[in-house]
Amino acid sequence: MNFPSTIRSVFLIIIFYLATSLSLKAQSGNKRKQSKNLVNTYLDSAWNNYVAHLPFDHFVISADSIAKSEGLPELFSTIYGYKGLYFSSIGNTDSSIYYQLQAIKIFESVDSLAPKLVNAYYNLADTYERAELDNKALFYARKSLEQAKIMGNSVDVRYCYTLIASILTSMANHIKDDLKNYSLRSEAIKESRKALRGSNYDSLLSFEFNALLSLSDNYREIYALPRDGENYTISHYLDSAEKYNNIAYSHTPDSMVHLKNVALAQKSFILQERGEFDEALELLNQAGKVLMMNSDLSNVQRFYKAKEDLYLEMGIMDSAFYYQKLHYNISDSIADLETRKYTNQLETQYETAKKEKRIQALETQSKLQKAKNQLSLTVAIAIGVILIIVIYFLIQNRKKSKRLAEQNKIIQQSHKEIEDLIRESHHRIKNNLQVVSSLLKMQSKNAKSEETKANLLEAFNRVKTIAVLHQKLQGSQTFKQIQMQEFVSQLTEAIQGSVMSSDQDIQLSTDVDPILLSTDQSISIGLIINEVLTNSFKYAFAENEGSIMLQLKEEGTDSIILKICDDGKGLPEDFDISQNPSLGYKIINSMTVKLKGKLDISGINGTCTSIHFKKTPID
């Protein structure tokens, strides 16, 4: 064999291989850049169609397909956000919230994406508000406001104040308690005023118009609120309502016909409160001309209802009855439309799922083709370098790869079966615990002794705490750790709903870091939170009003502090937890020992329970 000639041939083939690899890498880089530009183009088109109220789902699906097939994870967060907007536009609230939360999770984890959190929190709050989940809407609206302040964007800050005012107004509309209604509307007025700081009213922005109408509406509603058997018939409330309504109407361009008519309708309600029925009817008819030409049946429904109420106030019963019939008829039409809309949503979801499956199949086929081409090139070059020897090793490697692939397939299938079994077990445990908690609650209603009833309700809350944790584990991907922000949020809502009575006005605030804790530590924390909050709601507040603050914060790399404080009556001077015979404090002590933590309870200026503990490593 001529070795120098062979070495020269091998050297030339290696040079050819390196040159080919560099060329392919350069082409790959250019293709990645082109794909990224194409995705951004699709997303820009989706936004333009969304603003123009046109279909945009096909743009989002195309962008998602390219981002996944070309490996562009930096664009996933934006795509998730657009998916959230799409599902919100078709009324699929659950899917919308899911994708918006996925986008927020990415924004929160990447510092460079933090500026996008303002709009992400805002859109999620808006989705929650339209779903009438006002507490969650208020939570994310305030997070958006906080982020807008950090970014120093004054316009975004004012938009957030307007959204918060809208949510507070919505909460007031759903509350029958007059004092709470008054409190919420007063708070909404404060937020609307903040939104209007710096406004010159020359050319109203949308949030300024909404803030002015919110002020007018809340002042009018407060004017009519009863309290201690008397009406708040204080003229300055109605004067303020009319003042802000006039500003909104007079500074809205004539081209904005719909907004002008909204202001006119609001003015008619104010005149109705003043008893100027003829003028109110004239304005309402004027606004109704545009509303009746609009295809939005909900606006027509509100118009008929307003005329029915006005004619009732005027004592013209035949006209009131006529518009009542129209109101009922349009309500039936809206119900039929909602049914058809729901059917269309199901069809849209079905078609979307079909598209995504088809895209996934094409992606898989494309990846297989790329892998096949790359393997063919590698094999061809290898055959040219070492000939028979390389062929032998290729045969051996292919056999080995096939065996490994079969083994990996078996392992993956077994792993999936194990995961399904674990998830099913958590599901059954959760269901069984819910049955137990329901039985406890039913038994407490039948208990004759107040002490027995209280003990059963406490047992109910303890079982409910563990059930919430198993619910979180059921949806977990690892089954070894719990996201404490979501867990604490669900747990505190459940405790507050079951323990706090209707005559209590106790504000519960939470400040929880995005901490991941092991399952065992999560159970201990959940039981401690349940016992402390239950004690605070039941015994801390002599006047049935006050506030509770719950914090779960990281201190350093592996240290955690749980702190729950209330501004109630506090503890006796001679209080000693080690001598306290109650089951609740025994549970707190036991769980603290299990956490290997340090418990500190202070009873000055309210009660403050603090537990310092180390975070258990998660395998």
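The rules we used
- Residues numbered from 1 in each chain as written.
- Predicted model: local features only at pLDDT ≥ 70, side-chain atom pairs only at ≥ 80, totals over all residues.
- Heavy atoms only, no water.
- Helix = DSSP H or I, 4+ residues; strand = E, 2+ residues; numbered from the N terminus.
- Buried < 20%, exposed > 50% of the residue type's maximum accessible area, 1.4 Å probe, protein only.
- Areas by Shrake-Rupley, 256 points an atom, 1.4 Å probe, with all protein chains shown as cover.
- Axes fitted to C-alpha atoms, helices over the stretch in contact; angles between N-to-C directions.
- Parallel < 35°, antiparallel > 145°, perpendicular 65-115°, else oblique.
- Left-handed = near helix turned anticlockwise from the far one by under 90°.
- Contact = heavy atoms within 4.5 Å.
- Nonpolar A, V, L, I, M, F, W, Y, C, P; charged D, E, K, R; others polar.
- Pairing = 2+ DSSP bridges.
- Phe/Tyr/Trp six-rings, centres within 6.5 Å; stacked < 30°, edge-to-face > 60°.
- Lys NZ or Arg CZ within 6 Å of the ring centre and 35° of its normal.
- pLDDT = per-residue confidence, 0-100.
- Expected span 1.5 Å × (residues − 1).
- Polar contact = N/O pair within 3.5 Å; in protein donor to acceptor, adjacent residues only side chain to side chain.
- Disulfide = S-S within 2.5 Å.
- Salt bridge = Lys/Arg side-chain N within 4 Å of Asp/Glu carboxyl O.
- Core = buried A, V, L, I, M, F, W, Y, C linked by side-chain atoms within 4.5 Å.
- Patch = residues over 30% accessible without salt bridge, like charges linked within 9 Å, V, L, I, M, F, W, Y side chains within 5 Å.

A word on the overall build of the protein chain. Counting its secondary structure elements, the protein chain contains 19 helices and 9 strands. Residues classed as buried in the protein chain amount to 38% of the 619 residues present. Of the roughly 35,900 Å² of accessible surface on the protein chain, 54% is carried by carbon and sulfur atoms.

Moving on: the packing of helix 9 (residues 206–223) against helix 11 (residues 257–274). Running from N to C, helix 9 and helix 11 cross one another at 15°; their axes reach a closest spacing of 11 Å. Here helix 11 runs roughly parallel to helix 9, going by the angle between their axes. Taken as a pair, helix 9 and helix 11 cross one another with a handedness that is left-handed. Counted together, Phe 209, Leu 213, Ser 216, Asp 217, Arg 220 and Tyr 223 of helix 9 and Leu 259, Val 262, Gln 266, Phe 269, Ile 270 and Glu 273 of helix 11 form the full contact between these two elements. Residue composition of the contact of helix 9 with helix 11, by class: 7 nonpolar, 2 polar and 3 charged.

Further remarks concern the pairing of strand 8 (residues 598–602). Both strand 8 and strand 9 (residues 608–614) contribute to a ladder of 5 bridges, which runs antiparallel. Paired with Ile 601 across the strands is Thr 609, a residue of strand 9. The hairpin turn running from strand 8 into strand 9, its antiparallel successor, is 5 residues long, and Asn 605 in that turn takes a positive phi close to 55°.

Glancing now at the packing of aromatic side chains. According to the stated counting rule, one finds 12 aromatic pairs in the structure shown. Plain terms: the ring middles of Tyr 42 and Phe 59 are 6.3 Å apart, the flat faces sit at 40° to each other, and that makes the pair tilted. Highlighted residues: Tyr 42 in helix 1 (residues 3–51) and Phe 59 in helix 2 (residues 57–69), separated in sequence by 17 residues. With 4.6 Å between their ring centres and 50° between their planes, Tyr 159 and Phe 207 make a pair best called tilted. In this pair, Tyr 159 is assigned in helix 7 (residues 154–173) and Phe 207 in helix 9, connecting sequence segments 48 residues apart. Under the relative-accessibility criterion, Tyr 159 is labelled partly exposed at 27%. An aromatic cluster is present here, built from Phe 76, Tyr 80, Tyr 86, Phe 87, Tyr 98 and Tyr 99 joined pairwise through their rings. Positioned over the ring face of Tyr 249 is Lys 260, at 4.1 Å from the centre of the ring.

Structurally, Lys 586 is set in helix 19 (residues 583–595). As a C-alpha pair, Lys 586 and Glu 531 span 55 residues in sequence and 9.9 Å in three-dimensional space.

Take the confidence of the model for the protein chain next. Detailed reading of the predicted coordinates is not advisable wherever pLDDT is low. Overall, the predicted model of the protein chain reaches an average pLDDT of 77, with 73% of residues at or above 70. Under a pLDDT of 50 for its full length, residues 229–233 has, in the predicted model, 11 contacts with residues more than four places off or in other chains.

Another point: helix 17 (residues 484–499). Relative to the 22 Å expected for 16 residues at 1.5 Å per residue, helix 17 spans 22 Å between its end C-alpha atoms, a close match to the ideal helical length. The N-cap of helix 17, judged by a side-chain oxygen 2.9 Å from the amide nitrogen of Gln 485 a few residues on, is Gln 483.

Right, let's get into the pairing of strand 9. Of all 7 residues that make up strand 9, 5 are buried, and the element is covered over most of its length. Two strands pair when backbone bridges link them, and strand 7 (residues 559–566) and strand 9 are joined in this way by 7 bridges, in the antiparallel orientation. Its bridge partner being in strand 9, Cys 565 is matched across the sheet by Cys 608.

Before going further, it helps to spend a moment on the state of the cysteines. In total, this model carries 1 disulfide according to the counting rule given. Paired through a disulfide, Cys 565 and Cys 608 show a sulfur-sulfur distance of 2.0 Å. Placement of the pair is Cys 565 in strand 7 and Cys 608 in strand 9, with a sequence separation of 43 residues.

Moving on to the pattern of salt bridges. Tallied over the entire structure, the rule returns 14 salt bridges. Measuring nitrogen to oxygen at the nearest pair gives 3.0 Å for the salt bridge that ties Arg 130 to Asp 126. Taken as a pair, Arg 130 and Asp 126 lie in helix 5 (residues 117–130) at a separation of 4 residues, close to a single helical turn. Linking Arg 274 and Asp 239 is a salt bridge whose minimum nitrogen-to-oxygen distance equals 2.8 Å. Placement of Arg 274 in helix 11 and of Asp 239 in helix 10 (residues 235–250) is noted, with a sequence separation of 35 residues between them. A residue is classified by how much of its surface remains accessible, and Arg 274, at 31% relative accessible area, is partly exposed.

This brings us to the nonpolar core. By size, the foremost hydrophobic cluster in this structure holds 50 residues, and its most contacted members are Ile 167, Leu 168, Leu 212 and Tyr 219. Those elements that place two or more of their residues in this core are helix 4 (93–109), helix 5, helix 6 (134–151), helix 7, helix 8 (178–195), helix 9 and helix 10. The greatest single-element share of this core, amounting to 10 residues, is contributed by helix 7. Setting aside chain neighbours within four positions, we find Leu 212 in contact with Leu 196, Tyr 201, Leu 204, Tyr 244, Ile 247 and Ala 248. Within the second largest apolar cluster, 34 residues are counted, among which are Phe 487, Leu 517, Leu 533 and Leu 595.

Let us look at a nonpolar patch on the surface. On the surface, a cluster of nonpolar side chains totalling about 350 Å² of accessible area is made up of Ile 383, Ile 388, Ile 391 and Ile 395. Examined against the element boundaries, Ile 391 turns out to sit in helix 15 (residues 388–446). Of the residues examined, Ile 391 reaches a relative accessible area of 34% and is grouped as partly exposed.

In contact at an axis separation of 10 Å, helix 2 and helix 3 (residues 76–89) are set at 155° when each is read in the N-to-C sense. Viewed along their axes, helix 2 and helix 3 adopt a mutual orientation that is roughly antiparallel. Along this stretch, helix 2 crosses helix 3, giving a crossing that reads as left-handed. Taken together, the residues of helix 3 that come into contact with helix 2 (itself represented by Asp 57, Val 60, Ala 63, Asp 64, Ala 67 and Lys 68) are Phe 76, Ile 79, Tyr 82, Lys 83 and Tyr 86. Tallied by class, the residues present in the contact of helix 2 with helix 3 amount to 7 nonpolar, no polar and 4 charged.

This brings us to the sheet that holds strand 7. With mixed pairing, the 5 strands of this open sheet are ordered in space as 4-6-7-9-8. The open sheet has two edge strands, strand 4 (505–512) and strand 8, and neither has a second partner. Neighbour to neighbour, the strand axes of the sheet diverge by 10° on average, direction disregarded. Relative to strand 7, helix 18 (residues 519–540) is tilted by about 15°, and along the sheet it contacts strand 4, strand 6 (545–555), strand 7 and strand 9.

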